[in-house]
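Listed here are the chains, written in short residue letters.
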Amino acid sequence: MTSAQDTKIPAACEVPQLRDDLVESLQRELNGLKSEGLHRRLRQVDTLQGPRIRIDGKDAIHLAGSDYLGLACHPRLKRAACEATMRYGCGVAAARLISGNHDLYPQLETRLARFKQAEAALLFSTGYQANLGVISALIDSHDVVFSDALNHASIVDGCRLSRARFKIFPHNDLDTLARLLERERSTGRRLIVVDGLYSMDGDVAPLAQIVKLAERYDCLTMVDDSHGIGVLGETGRGTAEAAGVLGRIDIETGSLAKALGGFGAYVVGRRTVIEYLVNRARPFIFTCAMPPAVLAAVLEALDVVEQEPERRQRLWDNTRHMRAGLHEIGFEVSPSGTQIIPLMVGEPERAMRFCQELLDRGVFAQGIRYPSVPRGTERIRLTVTASHSKADLDTALTALDEAGRAIQLI
Ligand SMILES: Cc1ncc(COP(=O)(O)O)c(C=O)c1O
């Protein structure tokens, strides 16, 4: 056996270079993305989450985030995160099934289950992992998944990983869904999976009808409520509450990194389902537990959602103001009424030109392109929050008017 001292560590200059042909082929592909208008780059942000942003050195009104209730920098959340860090440390350096499961995890899970009127909850490190973990654990090659065409990428990837038969129905098209349910039988499970509030389109899934169809055809239901939690429904419990089916969805997932201002994700459902996921969901098992600061912040966020309903009120006032202003200018605005407002452009380069024209006028709203949305449906996605003032929105509307004319969209 060699001692540690004998082990030869290669000097930096001896590390093999990435092979030239690989670099060349990657570069060719990147050039292809550039010529299609689909190349992405990271922009430098110098501010905290909020209604204003400094991005690429420019100050702008921020219409691109998901901090819908303005909780990411709420003093109560920040204080709770700091106190948890002082008490528990920055990280737990272990998976929950090893030695990472301190008391904040079950506390937050119990709180989330109560909030969603479910039997039990389980935390995942991200929303992406939650969808991947749930679908790949519960569904296999004997099963069929019925998935909306505009479902989030993490749902699509979960379905791919599960190796189930994957039946995609056109967005919110219940007639086609019913036909597929009638036709596609299976020896195993059948699952209908949808987003609650669609992240790029801003419309909601017709959950009441979906639950009825699921009952009629003996199917399971799964809803990703990443953009609905905290926001939709009388008390902010999400899309299911707004649709009158709270507690009637078999499995609900959602990110804690949007309206709740934190990080990570939840799954809620029957107690046995949650116990099964603890044993079988690989993205839960093989990853370190979430940092204590985040758990404490989300616990506080749930209290704020219940105790400060005026934030939701402000969000809806602002959303109505923005939608009415856009309509008046001449933009075609979908009638969904939610805080996510897509302005359809249709070509990637033009969507990015719109984004730049807006930034030049002091507004940041991201251009959204394939593969985040289907080809030919490129757009600017506006998100309104409770933190915007009416003056912010009016300034943004003036910029949208000018930029929309500059690219001849209106
Ligand atoms: C609908 C939807 N599901 C899941 C996710 C992933 O959540 P997370 O950012 O927590 O991974 C996102 C966005 O990030 C989303 O928009």
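Per chain, residues are indexed from 1 in the order of the written sequence. Reporting in this predicted model follows two pLDDT cut-offs: at least 70 for local features of residues, and 80 or more for side-chain atom pairs to be given and counted; totals over whole chains, interfaces and linings ignore these cut-offs and use all residues. Side-chain metrics rest on all non-hydrogen atoms present in the structure, leaving aside hydrogens and water.

Asks: Quick question: what am I supposed to make of the site of the ligand here?
Replies: Definition of nearness: a residue and a molecule or strand are near each other if at least one heavy atom of the residue lies within 4 Å of the molecule or strand. As a matter of local geometry, the ligand sits amid 13 residues, with Gly127, Asp224, His227, Ser255 and Lys258 nearest to it. Polar contact is the term for a pair of N or O atoms within 3.5 Å; when the atoms are in protein, one must be able to donate a hydrogen and the other to accept it, and sequence-neighboring residues count only if both atoms are side-chain atoms. Asp224 places a polar side-chain atom, nitrogen or oxygen, 2.5 Å from a nitrogen atom of the ligand. Accessibility throughout is a Shrake-Rupley quantity obtained with a 1.4 Å probe, and a residue counts as covered only by protein chains that appear here. Out of a free accessible area of 390 Å², the ligand has 83% covered by protein chains. Partitioning the shell around the ligand into residue classes produces one nonpolar, nine polar and three charged. Amino acid classes used here: Ala, Val, Leu, Ile, Met, Phe, Trp, Tyr, Cys and Pro are nonpolar; Asp, Glu, Lys and Arg are charged; the rest, including Gly, are polar.

Asks: How do you make sense of the nonpolar core when you look at a structure like this?
Replies: One recurring pattern in soluble globular proteins is that nonpolar side chains are buried together. Core analysis: the biggest nonpolar cluster contains 43 residues, and Leu108, Leu112, Leu123, Leu256 and Leu260 have the highest contact counts within it. Secondary structure elements follow DSSP: runs of H or I of four or more residues count as helices, runs of E of two or more count as strands, with numbering from the N terminus. Sorting the residues of this core by element identifies α2 (75-88), α4 (104-115), β3 (120-124), β9 (265-269), α12 (292-307) and α13 (309-329) as the ones contributing at least two each. Per element, the largest residue contribution to this core is 11 residues, and it comes from α12. Leu108 has contacts with Leu123, Leu295, Val298, Leu299 and Leu302, leaving out every residue within four places of it along the chain. We define the nonpolar core as a collection of buried residues of types Ala, Val, Leu, Ile, Met, Phe, Trp, Tyr and Cys that are connected through side-chain atoms lying within 4.5 Å of one another. Each residue is assigned to one of three classes by its accessible area relative to the maximum for its type, calculated with a 1.4 Å probe on protein chains only: buried under 20%, partly exposed between the two thresholds, exposed over 50%. In this structure, Ala64, Ile341, Leu393 and Ala403 belong to the second largest nonpolar core, which totals 31 residues. In this analysis, two residues are considered to be in contact whenever any of their non-hydrogen atoms come within 4.5 Å of each other.

Asks: What should I look at first to understand the environment of Cys288 in this one?
Replies: Relative to the assigned elements, Cys288 resides in the loop between α11 (282-285) and α12. By relative accessible area, Cys288 is classed as partly exposed at 44%. Separated by 197 residues in the primary sequence, Cys288 and Gly91 have C-alpha atoms spaced 8.8 Å apart. Once residues lying within four places of it in the same chain are set aside, the contact partners of Cys288 are Ala93, Ala94, Ala95 and Ser125.

Asks: Would you take a moment to explain the side chain of His62 for this structure?
Replies: Topologically, His62 is positioned in strand β2 (residues 58-62). Among residues more than four places away in sequence, those in contact with His62 are Gln49, Gly50, Pro51, Arg52, Ile53, Phe364, Thr383 and His388.

Asks: Sorry, what's going on with the packing of α2 against α12 here?
Replies: For any two helices packed against each other, one specifies the crossing angle of their axes together with the interaxial distance. The geometry of α2 relative to α12 is characterised by a closest axis approach of 7 Å and an angle of 150° between their N-to-C directions. Classified by the angle between their axes, α2 and α12 sit roughly antiparallel to one another. Seen from above, α2 lies across α12 with right-handed handedness. Contacts from Arg76, Leu77, Ala80, Ala81, Ala84, Thr85 and Tyr88 of α2 reach α12 at Pro292, Ala293, Ala296, Ala297, Glu300, Ala301, Asp303, Val304 and Gln307. Partitioning the contact of α2 with α12 into residue classes produces 11 nonpolar, two polar and three charged. What counts as an axis is a line fitted to C-alpha atoms, over the stretch in contact for a helix, and the angles between N-to-C directions run from 0 to 180 degrees. The scheme is simple: roughly parallel for angles under 35 degrees, roughly antiparallel for over 145, roughly perpendicular for 65 to 115, oblique for anything else. It is the rotation of the near helix from the far one that decides the hand of a crossing: anticlockwise by less than a right angle makes it left-handed, clockwise makes it right-handed.

Asks: Just to check I follow, could you spell out the packing of aromatic side chains for this structure?
Replies: Aromatic rings in a pair are described by how distant their centres are and how their planes are angled relative to each other. Stacked, edge-to-face and tilted labels apply to pairs of Phe, Tyr and Trp rings (six-membered ring for Trp) whose centres lie within 6.5 Å, assigned for plane angles under 30 degrees, over 60, and everything in between, in that order. Applying the stated criterion to the full structure yields two aromatic pairs. Seen from their ring centres, Phe331 and Phe354 are 6.2 Å apart, and the 20° between their planes marks the pair as stacked. Of this pair, Phe331 sits in the loop between α13 and β10 (340-344) while Phe354 sits in helix α14 (residues 348-360), and the two are 23 residues apart along the sequence. With respect to class, Phe331 is no different from Phe354; both count as buried. A positively charged side chain is recorded as over a ring if its NZ (Lys) or CZ (Arg) lies within 6 Å of the ring centre. The angle to the ring normal must also be within 35 degrees. The lysine or arginine in question, Arg375, covers the ring of Tyr370, its NZ or CZ lying 4.0 Å from the ring centre.

Asks: Hey, could you run me through the layout of surface pockets in this one?
Replies: Empty space among the atoms becomes apparent when a probe as large as a water molecule is rolled across them. Throughout, the protein atoms alone are placed on a 1 Å grid, and a set of points is a cavity if a 1.4 Å probe fits but cannot get out or a pocket if it is open with protein on both sides within 12 Å along at least five of seven lines; lining residues have an atom within 4 Å of a point. Grid points are joined across faces, edges and corners, and a volume is the space filled by probe spheres set on the points. One number sums up the size of the second largest pocket: a volume of about 540 Å³. Secondary structure elements with two or more residues in the lining of the second largest pocket: β4 (144-148), α6 (153-162) and β5 (165-169). Examining the composition of the lining of the second largest pocket, we find that four residues originate from one element, α6, more than from any other. The split into domains, and so the bounds of each, comes from an automatic or database assignment of domains. Formed jointly, the lining of the second largest pocket draws a minimum of three residues from each of two domains, domain 1 (38-68 + 309-406) and domain 2 (75-307).

Asks: Where do I start with the pairing of strand β8 (residues 251-255) in this structure?
Replies: With five of five residues buried, β8 lies mostly within the body of the structure. Residues of β8 alternate between two faces, with Ile251, Thr253 and Ser255 on one and Glu252 and Gly254 on the opposite face, all of them buried. Relative to β8, strand β7 (residues 220-224) runs parallel, the two sharing three bridges. Paired with Met222 across the two strands is Ile251, which belongs to β8. With five bridges joining them, β8 and β9 adopt antiparallel strand pairing. Paired with Ser255 across the two strands is Ala265, which belongs to β9. When DSSP finds at least two bridges between two strands, those strands are taken to pair.

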